[in-house]
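# Per-entry structural report
Next come the chains, spelled out residue by residue.
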Amino acid sequence: MPVLKSSDFSEELRKDLTAAHSLLNESDGNVLDVEQLEEQPPTLLSSGIKFSSDPIFGIRTVAVKPGENIQQAIDLVNDRGGGTVVLMPGTHNLIDNITMFAEISLVGFGQDESSTSQTILDCNNGNYAVLCTSIKNFKIKDFTIQTSIATAGVNITSCTNFELNKVQTLSCTGIGFRIVGSSDFSVVDCISTNSESQGFRLGISLSGNSNCLFNNCKATGSVGDGFLIQDNINASFINCVSDANGAVGFTVNSTASTHSVAFLFCIASSNTGDGFEISISPSSNFVLVGCSALNNTGIGYDAGSSTSITAIGCFSSGNGGNDFAFASTRPSVAANFFRKGTPPSLWTTKPTNTSLYEGEIVPVRTASFKGLAARINGMTIYLNADASSTTSST
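Residues numbered from 1 in each chain as written. Predicted model: local features only at pLDDT ≥ 70, side-chain atom pairs only at ≥ 80, totals over all residues. Heavy atoms only, no water.

### Points about the overall build of the protein chain
Along the backbone of the protein chain there are 2 helices and 36 strands. Burial analysis of the protein chain (394 residues in total) assigns 51% to the buried set. Sequence separation of 24 or more characterises 52% of the internal contacts of the protein chain that already satisfy a separation of 6 or more. Accessible surface computed for the protein chain: about 16400 Å², of which carbon and sulfur atoms make up 50%. (Helix = DSSP H or I, 4+ residues; strand = E, 2+ residues; numbered from the N terminus. Buried < 20%, exposed > 50% of the residue type's maximum accessible area, 1.4 Å probe, protein only. Contact = heavy atoms within 4.5 Å. Areas by Shrake-Rupley, 256 points an atom, 1.4 Å probe, with all protein chains shown as cover.)

Below you can see the structure in the form of C-alpha coordinates.
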(Lines give C-alpha, C1' and ligand atoms only; values in the text may rest on other atoms or scores of the structure.)
Protein backbone atom coordinates (compact mmCIF):
# COMPACT_ATOMS: atom_id res chain seq x y z
CA MET A 1 0.00 0.00 0.00
CA PRO A 2 1.44 3.41 -0.90
CA VAL A 3 2.42 5.69 1.98
CA LEU A 4 1.04 9.21 2.33
CA LYS A 5 3.81 11.80 2.39
CA SER A 6 3.90 15.57 2.62
CA SER A 7 4.21 15.92 -1.14
CA ASP A 8 0.93 14.05 -1.62
CA PHE A 9 -1.08 16.90 -0.11
CA SER A 10 -2.71 19.24 -2.56
CA GLU A 11 -1.98 22.93 -2.18
CA GLU A 12 -5.62 23.48 -1.27
CA LEU A 13 -5.51 20.93 1.53
CA ARG A 14 -2.24 22.38 2.79
CA LYS A 15 -3.93 25.77 3.04
CA ASP A 16 -6.99 24.30 4.81
CA LEU A 17 -4.93 22.52 7.45
CA THR A 18 -2.62 25.49 7.92
CA ALA A 19 -5.62 27.80 8.33
CA ALA A 20 -7.19 25.39 10.82
CA HIS A 21 -4.07 25.27 12.92
CA SER A 22 -3.58 29.01 12.72
CA LEU A 23 -7.15 29.77 13.82
CA LEU A 24 -7.01 27.41 16.78
CA ASN A 25 -3.58 28.59 17.90
CA GLU A 26 -3.61 32.32 17.24
CA SER A 27 -2.18 33.04 20.67
CA ASP A 28 1.11 31.26 20.09
CA GLY A 29 1.37 31.95 16.37
CA ASN A 30 2.20 28.34 15.46
CA VAL A 31 1.44 27.20 11.93
CA LEU A 32 0.91 23.60 10.89
CA ASP A 33 4.00 22.02 9.36
CA VAL A 34 2.71 19.26 7.09
CA GLU A 35 6.17 17.67 7.20
CA GLN A 36 5.32 16.71 10.79
CA LEU A 37 2.36 14.58 9.72
CA GLU A 38 2.82 10.94 10.55
CA GLU A 39 2.81 8.62 7.57
CA GLN A 40 -0.66 7.18 6.94
CA PRO A 41 -2.18 5.19 4.09
CA PRO A 42 -3.99 7.69 1.84
CA THR A 43 -7.76 7.51 2.22
CA LEU A 44 -10.07 9.68 0.15
CA LEU A 45 -13.52 11.00 0.92
CA SER A 46 -15.83 11.38 -2.04
CA SER A 47 -14.91 15.06 -1.98
CA GLY A 48 -11.25 14.27 -2.36
CA ILE A 49 -10.14 15.27 1.16
CA LYS A 50 -7.38 13.01 2.43
CA PHE A 51 -7.41 11.35 5.79
CA SER A 52 -4.36 12.76 7.57
CA SER A 53 -2.39 12.42 10.76
CA ASP A 54 -2.14 15.81 12.45
CA PRO A 55 -0.11 16.46 15.65
CA ILE A 56 -2.45 19.33 16.58
CA PHE A 57 -5.92 17.82 16.11
CA GLY A 58 -4.91 14.24 16.83
CA ILE A 59 -3.47 11.25 15.04
CA ARG A 60 -6.60 10.74 12.93
CA THR A 61 -8.10 13.91 11.48
CA VAL A 62 -10.41 14.82 8.62
CA ALA A 63 -11.14 18.42 7.65
CA VAL A 64 -14.57 18.95 6.06
CA LYS A 65 -15.41 22.03 4.03
CA PRO A 66 -18.96 23.33 3.40
CA GLY A 67 -20.65 21.16 0.79
CA GLU A 68 -18.79 18.01 1.79
CA ASN A 69 -20.24 15.04 3.66
CA ILE A 70 -19.81 15.40 7.44
CA GLN A 71 -21.22 11.97 8.28
CA GLN A 72 -18.89 10.28 5.83
CA ALA A 73 -15.98 11.96 7.57
CA ILE A 74 -17.23 10.84 11.00
CA ASP A 75 -17.67 7.26 9.72
CA LEU A 76 -14.17 7.29 8.28
CA VAL A 77 -12.63 8.42 11.57
CA ASN A 78 -14.75 5.90 13.47
CA ASP A 79 -13.50 3.09 11.23
CA ARG A 80 -9.95 4.03 12.26
CA GLY A 81 -10.77 3.84 15.98
CA GLY A 82 -11.63 7.49 16.61
CA GLY A 83 -10.14 10.90 16.00
CA THR A 84 -11.19 14.42 15.07
CA VAL A 85 -13.51 15.78 12.40
CA VAL A 86 -12.78 19.46 11.79
CA LEU A 87 -15.66 21.49 10.34
CA MET A 88 -14.11 24.30 8.33
CA PRO A 89 -15.61 27.81 8.59
CA GLY A 90 -18.77 28.58 6.64
CA THR A 91 -22.29 27.14 6.35
CA HIS A 92 -22.66 23.37 6.10
CA ASN A 93 -26.15 22.49 4.79
CA LEU A 94 -27.32 19.25 6.43
CA ILE A 95 -29.27 16.64 4.49
CA ASP A 96 -29.46 14.08 7.30
CA ASN A 97 -28.71 13.58 10.99
CA ILE A 98 -25.15 13.76 12.26
CA THR A 99 -24.59 10.57 14.26
CA MET A 100 -21.66 10.61 16.65
CA PHE A 101 -19.54 7.68 17.83
CA ALA A 102 -17.27 7.07 20.80
CA GLU A 103 -13.75 8.49 20.82
CA ILE A 104 -14.57 11.21 18.27
CA SER A 105 -14.31 15.00 18.51
CA LEU A 106 -16.52 17.11 16.24
CA VAL A 107 -14.87 20.54 16.15
CA GLY A 108 -15.81 23.72 14.33
CA PHE A 109 -14.37 27.22 14.39
CA GLY A 110 -16.79 28.93 16.74
CA GLN A 111 -20.43 29.91 17.22
CA ASP A 112 -19.83 33.67 17.52
CA GLU A 113 -22.14 35.23 14.94
CA SER A 114 -19.84 38.23 14.62
CA SER A 115 -16.86 36.08 13.65
CA THR A 116 -15.86 35.57 10.03
CA SER A 117 -14.58 32.10 10.95
CA GLN A 118 -17.91 30.86 12.31
CA THR A 119 -19.00 27.28 11.58
CA ILE A 120 -22.76 26.81 10.98
CA LEU A 121 -24.68 23.57 10.53
CA ASP A 122 -27.91 24.63 8.80
CA CYS A 123 -30.79 22.15 8.91
CA ASN A 124 -32.88 24.37 6.62
CA ASN A 125 -36.03 23.38 8.57
CA GLY A 126 -35.24 19.70 8.13
CA ASN A 127 -35.70 16.95 10.70
CA TYR A 128 -31.98 16.73 11.43
CA ALA A 129 -29.90 16.94 14.59
CA VAL A 130 -26.61 16.00 16.21
CA LEU A 131 -27.38 12.60 17.75
CA CYS A 132 -25.39 10.84 20.47
CA THR A 133 -26.81 7.57 21.83
CA SER A 134 -25.18 5.13 24.26
CA ILE A 135 -21.61 6.24 23.54
CA LYS A 136 -18.75 7.59 25.65
CA ASN A 137 -15.59 9.67 25.40
CA PHE A 138 -16.55 12.27 22.81
CA LYS A 139 -16.43 16.04 22.35
CA ILE A 140 -18.64 18.49 20.46
CA LYS A 141 -17.44 22.06 20.24
CA ASP A 142 -17.28 25.39 18.45
CA PHE A 143 -20.22 25.53 16.05
CA THR A 144 -23.87 26.56 15.65
CA ILE A 145 -26.66 24.20 14.60
CA GLN A 146 -29.75 26.05 13.41
CA THR A 147 -33.32 25.70 12.06
CA SER A 148 -33.77 22.07 13.10
CA ILE A 149 -37.33 20.70 13.41
CA ALA A 150 -36.14 17.55 15.17
CA THR A 151 -36.87 16.78 18.84
CA ALA A 152 -33.71 18.70 19.73
CA GLY A 153 -30.86 20.36 17.90
CA VAL A 154 -28.38 18.43 20.05
CA ASN A 155 -29.88 15.19 21.40
CA ILE A 156 -27.83 13.08 23.84
CA THR A 157 -29.19 9.90 25.43
CA SER A 158 -27.51 7.42 27.79
CA CYS A 159 -23.97 8.68 27.23
CA THR A 160 -20.99 9.02 29.57
CA ASN A 161 -17.79 11.01 29.85
CA PHE A 162 -18.32 13.70 27.23
CA GLU A 163 -17.93 17.44 26.74
CA LEU A 164 -19.96 20.13 24.98
CA ASN A 165 -18.11 23.40 24.58
CA LYS A 166 -19.13 26.61 22.80
CA VAL A 167 -22.03 25.09 20.90
CA GLN A 168 -25.12 27.11 20.00
CA THR A 169 -28.57 25.93 18.96
CA LEU A 170 -30.45 28.62 17.05
CA SER A 171 -34.13 28.85 16.03
CA CYS A 172 -34.90 25.17 16.55
CA THR A 173 -38.54 24.04 16.47
CA GLY A 174 -37.95 21.57 19.30
CA ILE A 175 -35.60 21.70 22.28
CA GLY A 176 -32.20 23.33 21.98
CA PHE A 177 -30.15 20.83 24.02
CA ARG A 178 -31.69 17.57 25.26
CA ILE A 179 -29.57 15.41 27.59
CA VAL A 180 -31.18 12.44 29.38
CA GLY A 181 -29.96 9.38 31.22
CA SER A 182 -26.31 10.46 30.97
CA SER A 183 -23.45 10.84 33.44
CA ASP A 184 -20.01 12.33 34.03
CA PHE A 185 -20.09 15.20 31.57
CA SER A 186 -19.66 18.95 31.25
CA VAL A 187 -21.47 21.57 29.20
CA VAL A 188 -19.51 24.83 28.98
CA ASP A 189 -20.22 28.13 27.20
CA CYS A 190 -23.23 26.69 25.34
CA ILE A 191 -26.18 28.82 24.20
CA SER A 192 -29.76 28.01 23.23
CA THR A 193 -31.38 30.87 21.32
CA ASN A 194 -35.04 31.07 20.24
CA SER A 195 -36.02 27.43 20.69
CA GLU A 196 -39.73 26.73 20.32
CA SER A 197 -39.64 24.38 23.32
CA GLN A 198 -37.16 24.40 26.23
CA GLY A 199 -33.68 25.79 25.78
CA PHE A 200 -32.13 22.95 27.84
CA ARG A 201 -34.06 19.78 28.72
CA LEU A 202 -31.97 17.90 31.27
CA GLY A 203 -33.44 14.58 32.31
CA ILE A 204 -36.93 13.09 32.08
CA SER A 205 -38.99 11.24 34.66
CA LEU A 206 -36.83 8.58 36.34
CA SER A 207 -34.15 9.05 33.68
CA GLY A 208 -32.13 12.00 34.88
CA ASN A 209 -28.45 12.77 34.64
CA SER A 210 -25.72 12.39 37.25
CA ASN A 211 -22.36 13.99 38.02
CA CYS A 212 -22.72 16.82 35.53
CA LEU A 213 -21.56 20.43 35.30
CA PHE A 214 -23.10 23.32 33.38
CA ASN A 215 -20.83 26.35 33.36
CA ASN A 216 -21.58 29.72 31.75
CA CYS A 217 -24.50 28.41 29.69
CA LYS A 218 -27.42 30.54 28.53
CA ALA A 219 -31.00 30.01 27.38
CA THR A 220 -32.73 32.98 25.79
CA GLY A 221 -35.88 33.48 23.76
CA SER A 222 -37.27 29.96 24.31
CA VAL A 223 -41.03 29.50 24.04
CA GLY A 224 -40.91 27.16 27.04
CA ASP A 225 -38.64 27.02 30.08
CA GLY A 226 -35.06 28.17 29.75
CA PHE A 227 -33.78 25.16 31.74
CA LEU A 228 -36.02 22.19 32.63
CA ILE A 229 -34.15 19.93 35.06
CA GLN A 230 -35.65 16.65 36.22
CA ASP A 231 -34.33 13.80 38.38
CA ASN A 232 -30.70 14.92 38.25
CA ILE A 233 -28.15 13.80 40.85
CA ASN A 234 -25.03 15.83 41.64
CA ALA A 235 -25.77 18.47 39.00
CA SER A 236 -24.08 21.86 39.29
CA PHE A 237 -24.96 25.06 37.44
CA ILE A 238 -22.39 27.84 37.63
CA ASN A 239 -22.81 31.31 36.10
CA CYS A 240 -25.72 30.14 33.96
CA VAL A 241 -28.32 32.61 32.64
CA SER A 242 -31.97 32.10 31.70
CA ASP A 243 -33.31 35.27 30.11
CA ALA A 244 -36.49 36.34 28.30
CA ASN A 245 -37.96 32.86 27.96
CA GLY A 246 -41.69 32.20 27.56
CA ALA A 247 -42.10 30.20 30.77
CA VAL A 248 -39.94 29.59 33.88
CA GLY A 249 -36.25 30.49 33.94
CA PHE A 250 -35.04 27.40 35.82
CA THR A 251 -37.52 24.61 36.61
CA VAL A 252 -36.33 21.82 38.91
CA ASN A 253 -38.65 18.91 39.66
CA SER A 254 -38.32 15.32 40.71
CA THR A 255 -40.21 12.08 40.65
CA ALA A 256 -37.24 10.21 42.13
CA SER A 257 -36.52 9.82 45.83
CA THR A 258 -33.23 11.70 45.62
CA HIS A 259 -32.38 14.75 43.61
CA SER A 260 -29.40 17.03 44.21
CA VAL A 261 -28.85 20.27 42.33
CA ALA A 262 -26.72 23.32 43.12
CA PHE A 263 -26.98 26.76 41.49
CA LEU A 264 -24.03 29.10 41.99
CA PHE A 265 -24.22 32.70 40.77
CA CYS A 266 -26.96 31.97 38.23
CA ILE A 267 -29.40 34.58 36.90
CA ALA A 268 -33.06 34.23 35.93
CA SER A 269 -34.33 37.44 34.37
CA SER A 270 -37.32 38.72 32.39
CA ASN A 271 -38.93 35.30 32.04
CA THR A 272 -42.70 34.89 31.56
CA GLY A 273 -43.04 32.79 34.69
CA ASP A 274 -41.06 32.24 37.87
CA GLY A 275 -37.35 32.85 37.98
CA PHE A 276 -36.53 29.64 39.88
CA GLU A 277 -39.29 27.05 40.44
CA ILE A 278 -38.29 24.15 42.66
CA SER A 279 -40.37 21.10 43.53
CA ILE A 280 -38.36 18.16 44.82
CA SER A 281 -38.67 15.52 47.52
CA PRO A 282 -37.76 16.22 51.17
CA SER A 283 -34.87 13.74 50.94
CA SER A 284 -33.32 15.75 48.11
CA ASN A 285 -30.79 18.52 48.40
CA PHE A 286 -31.18 21.85 46.62
CA VAL A 287 -28.75 24.75 47.05
CA LEU A 288 -28.77 28.33 45.77
CA VAL A 289 -25.70 30.52 46.33
CA GLY A 290 -25.31 34.06 45.06
CA CYS A 291 -28.15 33.76 42.52
CA SER A 292 -30.40 36.54 41.17
CA ALA A 293 -34.06 36.55 40.12
CA LEU A 294 -34.88 39.79 38.33
CA ASN A 295 -37.98 41.16 36.62
CA ASN A 296 -39.70 37.83 36.05
CA THR A 297 -43.47 37.82 35.55
CA GLY A 298 -43.99 35.27 38.33
CA ILE A 299 -42.25 34.61 41.64
CA GLY A 300 -38.52 35.13 41.96
CA TYR A 301 -37.82 31.92 43.93
CA ASP A 302 -40.74 29.51 44.31
CA ALA A 303 -40.09 26.45 46.48
CA GLY A 304 -42.83 23.92 47.16
CA SER A 305 -43.83 22.59 50.56
CA SER A 306 -41.94 19.32 50.12
CA THR A 307 -38.73 20.98 49.04
CA SER A 308 -35.53 20.89 51.07
CA ILE A 309 -33.67 24.06 50.16
CA THR A 310 -30.68 26.14 51.20
CA ALA A 311 -30.37 29.72 49.91
CA ILE A 312 -27.35 31.86 50.72
CA GLY A 313 -26.58 35.35 49.46
CA CYS A 314 -29.34 35.41 46.84
CA PHE A 315 -31.03 38.49 45.39
CA SER A 316 -34.56 38.97 44.12
CA SER A 317 -36.19 42.13 42.80
CA GLY A 318 -38.72 43.46 40.32
CA ASN A 319 -40.70 40.23 39.97
CA GLY A 320 -44.44 40.20 39.35
CA GLY A 321 -45.08 37.84 42.25
CA ASN A 322 -43.30 37.45 45.55
CA ASP A 323 -39.55 37.70 45.45
CA PHE A 324 -39.23 34.62 47.67
CA ALA A 325 -41.97 32.02 48.34
CA PHE A 326 -40.64 29.22 50.51
CA ALA A 327 -43.49 26.95 51.56
CA SER A 328 -41.00 24.45 52.95
CA THR A 329 -41.03 24.12 56.72
CA ARG A 330 -37.27 23.53 56.90
CA PRO A 331 -35.44 25.88 54.53
CA SER A 332 -31.96 27.13 55.42
CA VAL A 333 -31.47 30.74 54.43
CA ALA A 334 -28.79 33.32 55.14
CA ALA A 335 -27.80 36.77 53.88
CA ASN A 336 -30.44 36.94 51.15
CA PHE A 337 -31.96 40.18 49.87
CA PHE A 338 -35.67 40.31 49.11
CA ARG A 339 -38.40 42.92 49.48
CA LYS A 340 -41.52 40.77 49.54
CA GLY A 341 -42.51 37.17 49.92
CA THR A 342 -42.98 34.28 52.29
CA PRO A 343 -40.12 34.08 54.78
CA PRO A 344 -38.99 30.78 56.28
CA SER A 345 -41.30 29.40 58.94
CA LEU A 346 -40.79 31.05 62.32
CA TRP A 347 -39.82 28.81 65.23
CA THR A 348 -41.87 29.70 68.31
CA THR A 349 -39.80 27.52 70.62
CA LYS A 350 -36.06 27.74 70.95
CA PRO A 351 -34.62 24.71 69.06
CA THR A 352 -32.25 22.32 70.74
CA ASN A 353 -29.16 20.96 69.08
CA THR A 354 -30.83 17.67 68.14
CA SER A 355 -33.80 19.37 66.47
CA LEU A 356 -31.69 21.12 63.80
CA TYR A 357 -29.97 19.68 60.75
CA GLU A 358 -26.27 20.30 60.34
CA GLY A 359 -25.85 23.68 58.61
CA GLU A 360 -29.47 24.69 59.13
CA ILE A 361 -30.33 28.29 60.03
CA VAL A 362 -33.79 29.13 61.39
CA PRO A 363 -35.54 32.28 62.66
CA VAL A 364 -36.77 32.08 66.26
CA ARG A 365 -39.19 34.19 68.27
CA THR A 366 -40.16 33.28 71.83
CA ALA A 367 -41.12 35.33 74.85
CA SER A 368 -37.48 35.49 75.92
CA PHE A 369 -35.57 35.21 72.62
CA LYS A 370 -35.77 36.78 69.15
CA GLY A 371 -33.12 36.00 66.57
CA LEU A 372 -31.53 33.10 64.69
CA ALA A 373 -30.43 29.60 65.60
CA ALA A 374 -27.88 27.68 63.52
CA ARG A 375 -26.24 24.29 63.87
CA ILE A 376 -22.59 24.37 62.82
CA ASN A 377 -20.12 21.51 63.33
CA GLY A 378 -22.47 19.79 65.72
CA MET A 379 -23.03 22.86 67.89
CA THR A 380 -26.08 25.12 67.93
CA ILE A 381 -25.41 28.85 67.99
CA TYR A 382 -28.08 31.39 69.01
CA LEU A 383 -27.79 34.97 67.77
CA ASN A 384 -30.08 37.59 69.29
CA ALA A 385 -31.73 39.95 66.82
CA ASP A 386 -30.11 42.96 68.47
CA ALA A 387 -26.74 41.16 68.22
CA SER A 388 -26.13 41.97 71.87
CA SER A 389 -25.28 38.40 72.78
CA THR A 390 -24.49 35.03 71.32
CA THR A 391 -24.94 31.72 73.12
CA SER A 392 -24.34 28.14 72.13
CA SER A 393 -25.15 24.61 73.17
CA THR A 394 -23.80 21.19 72.24
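### As for the pairing of strand S3 (residues 83-87)
Where a strand is regular, its side chains alternate between the two sheet faces. Among the 5 residues of S3, 5 are classified as buried, and the element is accordingly described as predominantly covered. Looking at chain direction, S3 and strand S6 (residues 104-107) are connected through 4 bridges and run parallel. By the bridge assignment, Val 86 is partnered in S6 with Val 107. (Pairing = 2+ DSSP bridges.)

### Re the packing of aromatic side chains
Here the structure, examined in full by the defined rule, presents 16 aromatic pairs. A ring pair is formed by Phe 185 and Phe 214, whose centres lie 5.9 Å apart and whose planes are at 90°; its orientation type is edge-to-face. Note that Phe 185 is positioned in strand S13 (residues 183-188) and Phe 214 in strand S16 (residues 210-215), a separation of 29 residues in sequence. The pair formed by Phe 185 and Phe 214 is uniform in burial state, with each residue classed as buried. A ring pair is formed by Tyr 301 and Phe 324, whose centres lie 4.6 Å apart and whose planes are at 25°; its orientation type is stacked. Highlighted residues: Tyr 301 in strand S27 (residues 301-303) and Phe 324 in strand S30 (residues 324-326), separated in sequence by 23 residues. Assigned by exposure class, Tyr 301 and Phe 324 land together as buried. A cation over an aromatic ring shows up here: Lys 350 above the ring of Phe 369, its NZ or CZ 4.7 Å from the ring centre. (Phe/Tyr/Trp six-rings, centres within 6.5 Å; stacked < 30°, edge-to-face > 60°. Lys NZ or Arg CZ within 6 Å of the ring centre and 35° of its normal.)

### Examining the environment of Phe 276
Counting through the fold element by element, Phe 276 comes out in strand S24 (residues 276-279). For Phe 276, a relative accessible area of 1% translates into the label buried. In this view, Phe 276 contacts Phe 250, Phe 263, Cys 266, Ala 268, Leu 288, Cys 291, Ser 292, Ala 293, Gly 300, Tyr 301 and Asp 302; residues no more than four positions away in its chain are not counted.

### Some points on unusual backbone geometry
The phi dihedral of Asn 124 falls on the positive side, at around 50°, and the residue is not glycine. Its place among the elements puts Asn 124 in strand S7 (residues 119-126). Of note, Asn 137 is a non-glycine position whose phi angle comes to about 60°, a positive value. Relative to the helices and strands, Asn 137 resides in strand S9 (residues 136-148).

### So, the layout of surface pockets
Of the pockets and cavities examined, the second largest pocket occupies roughly 250 Å³. What lines the second largest pocket is simply Gly 67, Glu 68, Asn 69, Ile 70, Gln 71, His 92, Asn 93, Leu 94, Ile 95, Asp 96, Asn 97 and Ile 98. Within the residue set of the lining of the second largest pocket, elements represented by two or more residues are helix H2 (70-79) and strand S4 (90-93). Residue classes in the lining of the second largest pocket are distributed as 4 nonpolar, 6 polar and 2 charged. (1 Å grid on protein atoms, 1.4 Å probe; cavity = no way out; pocket = protein on both sides within 12 Å on 5 of 7 lines; lining within 4 Å. Points joined across faces, edges and corners; volume = space filled by probe spheres on them. Nonpolar A, V, L, I, M, F, W, Y, C, P; charged D, E, K, R; others polar.)

### So, the confidence of the model for the protein chain
On average, residues of the protein chain score 81 in pLDDT, and 74% of them are at 70 or above. Within the model, pLDDT remains below 50 along residues 1-6, and this stretch shows 18 contacts once partners closer than five positions in the same chain are excluded. Here residues 21-50 is a poorly scored stretch, pLDDT under 50, and it has 67 contacts once near neighbours within four places are set aside; other chains count. (pLDDT = per-residue confidence, 0-100.)

### What about the pairing of strand S25 (residues 285-289)?
Alternating residues of S25 divide into Phe 286 and Leu 288, all buried, and Asn 285, Val 287 and Val 289, none buried. Of the pairings in the sheet, the one linking strand S22 (residues 260-264) to S25 comprises 5 bridges and is parallel in character. By the bridge assignment, Ser 260 is partnered in S25 with Asn 285. Bridge count for S25 against strand S28 (residues 309-312) is 4 bridges, and the pairing is parallel. Across the sheet, residue Val 287 finds its bridge partner in S28, namely Thr 310.

### A look at the environment of Ser 158
Along the chain, Ser 158 falls in the loop between strand S10 (152-157) and strand S11 (160-170). Distance from Ser 158 to Ser 207, taken between C-alpha atoms, is 9.0 Å for residues 49 residues apart in sequence.

### Re the side chain of Asp 142
Tracing the backbone shows Asp 142 in strand S9. Despite its burial, Asp 142 remains without a salt bridge, the nearest opposite charge being carried by Lys 141 at 4.4 Å. Residues within four places of Asp 142 in sequence aside, it is in contact with Val 107, Gly 108, Phe 109, Gly 110, Gln 111, Thr 119, Asn 165, Lys 166 and Val 167. (Lys, Arg positive; Asp, Glu negative; His and termini not counted. Salt bridge = Lys/Arg side-chain N within 4 Å of Asp/Glu carboxyl O.)

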